[in-house]
Amino acid sequence: MKKTLTLVVLAGLMLTGCGGKQEAAPTASTTAVAEVTDTVTVPGVMSLTLDKAEDQLKDLGLEVEAEDTVDGKSIMVKKNWQVTSQDSAEGARVAKGSTVKLGVKSLDKIAAEKAAADKAAAEKAAADKAAADKAAADKAASDKAAADAAAAAAKAAAEQAAAQQAVPQTPVQQAAPAPVAPAASYANCAAVKAAGAAPLYAGQPGYSTSLDRDRDGVACEN
């Protein structure tokens, strides 16, 4: 029993003494602090000039890589370039020392594009105004023509009515009855021919059966 206790004590002393001073293993909280310390929040640098954007990013311990995304030109004077894109979005968490890639466009290019856009907008506005003015003028001319036509028609109707009132109404006169010729009487066909009335037909003044020998309704035909 004594031998057993002695061995246990010796084993404990060996484990304590042989290892010497041991370093403590890193804890989870220590690792989290290290991670927080080594990451930064990416700011938004869109629309800034390249020199100001680069200053903000480098102050946070980030590297910057800029590229002309329009013409591929070399970037000489950074203040003459504007940031148009960034590969790390605003608010993203990245490790210190990371490289943020920026797309840039020259201020001269931006100014030229703006001038062209302003000119196009002005030309469109002028064209729209001209079209609106022409439409208004055409409508005014059409309305005037319609009003003139209506006035002319009204004037013509008034003149016609006045002319009809000015002409006196002529009363309708009845034709006088034709005079009744006196009944002719001829002694013979010679008298009929002498009067220029031959031949005589039945029913005509001066006709008589005494003058119509063949009783055919025509007297003094020969």
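Preceding this paragraph is the structure being described.
Basis of the calculations
- Residues numbered from 1 in each chain as written.
- Predicted model: local features only at pLDDT ≥ 70, side-chain atom pairs only at ≥ 80, totals over all residues.
- Heavy atoms only, no water.
- Helix = DSSP H or I, 4+ residues; strand = E, 2+ residues; numbered from the N terminus.
- Polar contact = N/O pair within 3.5 Å; in protein donor to acceptor, adjacent residues only side chain to side chain.
- Contact = heavy atoms within 4.5 Å.
- Buried < 20%, exposed > 50% of the residue type's maximum accessible area, 1.4 Å probe, protein only.
- Disulfide = S-S within 2.5 Å.
- Salt bridge = Lys/Arg side-chain N within 4 Å of Asp/Glu carboxyl O.
- Core = buried A, V, L, I, M, F, W, Y, C linked by side-chain atoms within 4.5 Å.

A.B. asks: Can you break down the side chain of Thr 49 residue by residue, with the values?
C.D. replies: The topology assignment puts Thr 49 in the loop between strand E1 (39-41) and helix H3 (50-59). Looking at Thr 49, its side chain comes within polar contact range of the side chain of Asp 51, at 2.6 Å. Apart from residues lying up to four places away in sequence, Thr 49 is in contact with Lys 78, Lys 79, Trp 81 and Gln 82.

A.B. asks: Outline unusual backbone geometry, supporting the account with residue identities and numerical values.
C.D. replies: Following Ala 198, the chain continues to Pro 199 via a peptide bond in cis, the omega torsion being -5°. Within the secondary structure, Pro 199 sits in the loop between helix H5 (189-194) and strand E6 (200-201). The backbone phi angle of Arg 215 is positive, close to 50°, even though this residue is not glycine. Tracing the sequence through the fold places Arg 215 in the loop between E6 and strand E7 (218-219). Taking relative accessible area as the criterion, Arg 215 reaches 55% and is therefore assigned exposed. Phi is positive for Cys 220, close to 55°, though the residue is something other than glycine.

A.B. asks: Any chance you could break down the state of the cysteines for me, citing the residues and the numbers?
C.D. replies: Following the criterion strictly, the structure yields 1 disulfide and no others. Disulfide partner of Cys 189: Cys 220, at an S-S distance of 2.1 Å. Across the S-S bond of Cys 189 and Cys 220 the torsion is about -85°, and the bridge reads as left-handed. Pair noted here: Cys 189 is in helix H5 and Cys 220 is in the segment after E7, with a separation of 31 residues, a long-range link.

A.B. asks: Requested: an account of the pattern of salt bridges, with residues and values cited.
C.D. replies: Enumeration according to the criterion identifies 10 salt bridges in this entry. Linking Asp 133 and Lys 129 is a salt bridge whose minimum nitrogen-to-oxygen distance equals 2.9 Å. On the criterion of helical spacing, the pair formed by Asp 133 and Lys 129 is a turn pair, its members being 4 residues apart in helix H4 (residues 107-166). Residue Lys 129 is classed as exposed on the basis of its relative accessible area of 53%. Through salt bridges with shared partners, one network takes in Glu 54, Lys 58 and Lys 78.

A.B. asks: So what's going on with the nonpolar core? Which residues, and what values?
C.D. replies: Within the largest apolar cluster, 14 residues are counted, with the highest numbers of intra-cluster contacts made by Val 45, Leu 57, Leu 62, Val 83 and Leu 102. Of all the elements in the fold, those that place two or more residues in this core are H3, strand E3 (81-86) and strand E5 (99-106). Apart from the residues within four sequence positions on either side, Val 45 is in contact with Ala 53, Gln 56, Leu 57, Val 83, Gln 86 and Leu 102. By size, the runner-up hydrophobic cluster in this structure holds 6 residues, among which are Val 192, Leu 211, Ala 219 and Cys 220.

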